[in-house]
Amino acid sequence: MMQKLAGIDLAAPGVTKIRLQPHIGGNLTSVTASQDTPFGLVHSGWEVSEGTVTWTFVVPPNTMAEIHPPTEGGTLNGAPFNGAEVGSGRYTFVGSLPS
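Residues numbered from 1 in each chain as written. Predicted model: local features only at pLDDT ≥ 70, side-chain atom pairs only at ≥ 80, totals over all residues. Heavy atoms only, no water.

### Considering the overall build of the protein
Item 1. A count of helical and extended segments in the protein gives one helix and ten strands.
Item 2. Secondary structure elements of the protein occur, N-terminal to C-terminal, as α-β-β-β-β-β-β-β-β-β-β.
Item 3. The C-alpha atoms of the protein give 13 Å as radius of gyration, which agrees with the globular expectation for 99 residues (13 Å, within 12%).
Item 4. Taken along its principal axes, the extent of the C-alpha atoms in the protein is 40 × 30 × 15 Å.
Item 5. Counting over 99 residues, the protein shows a buried share of 32%.
Item 6. Within the protein, contacts between residues separated by at least 24 positions form 45% of all contacts whose residues are at least 6 apart in sequence.
Item 7. By element, 51% of the accessible surface of the protein is carried by carbon and sulfur atoms, the whole surface being about 5400 Å². (Helix = DSSP H or I, 4+ residues; strand = E, 2+ residues; numbered from the N terminus. Rg over C-alpha atoms; globule rule 2.2 N^0.38 Å. Buried < 20%, exposed > 50% of the residue type's maximum accessible area, 1.4 Å probe, protein only. Contact = heavy atoms within 4.5 Å. Areas by Shrake-Rupley, 256 points an atom, 1.4 Å probe, with all protein chains shown as cover.)

Okay, here's the thing in structure tokens:
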């Protein structure tokens, strides 16, 4: 359940590609989850505060991730971002929730 809310989906056999798409809503203000893969740990966690969602995720080495942000528009590590594939690393997405 937490993997679904955090948005972790191991999209391909051998787990060289993952899909990250967090599900925000309800009365929850934060979720965090991790999952082991053959290449390392996938992590996804989000927090909502005052209409802003901050989503931090980690893509393990030798892995690509298809990223589906929880809001339309926002920034990824400080740069404008609407979704794309990213390589391994630690990322932080910040976006505004609709009023």
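### Details of the pattern of salt bridges
Item 1. This structure, assessed with the given rule, holds three salt bridges.
Item 2. Of the charged contacts in the structure, one is a salt bridge between E66 and R19, with a shortest N-O distance of 3.1 Å. A residue pair is termed long-range when its members are at least 10 positions apart, and E66 in strand 6 (residues 64–67) and R19 in strand 2 (residues 17–20) qualify at 47 residues.
Item 3. Given the relative accessible area of 22%, E66 is considered partly exposed.
Item 4. Three or more residues joined by partner-sharing salt bridges are found here, namely K17, R19, E66 and E85. (Salt bridge = Lys/Arg side-chain N within 4 Å of Asp/Glu carboxyl O.)

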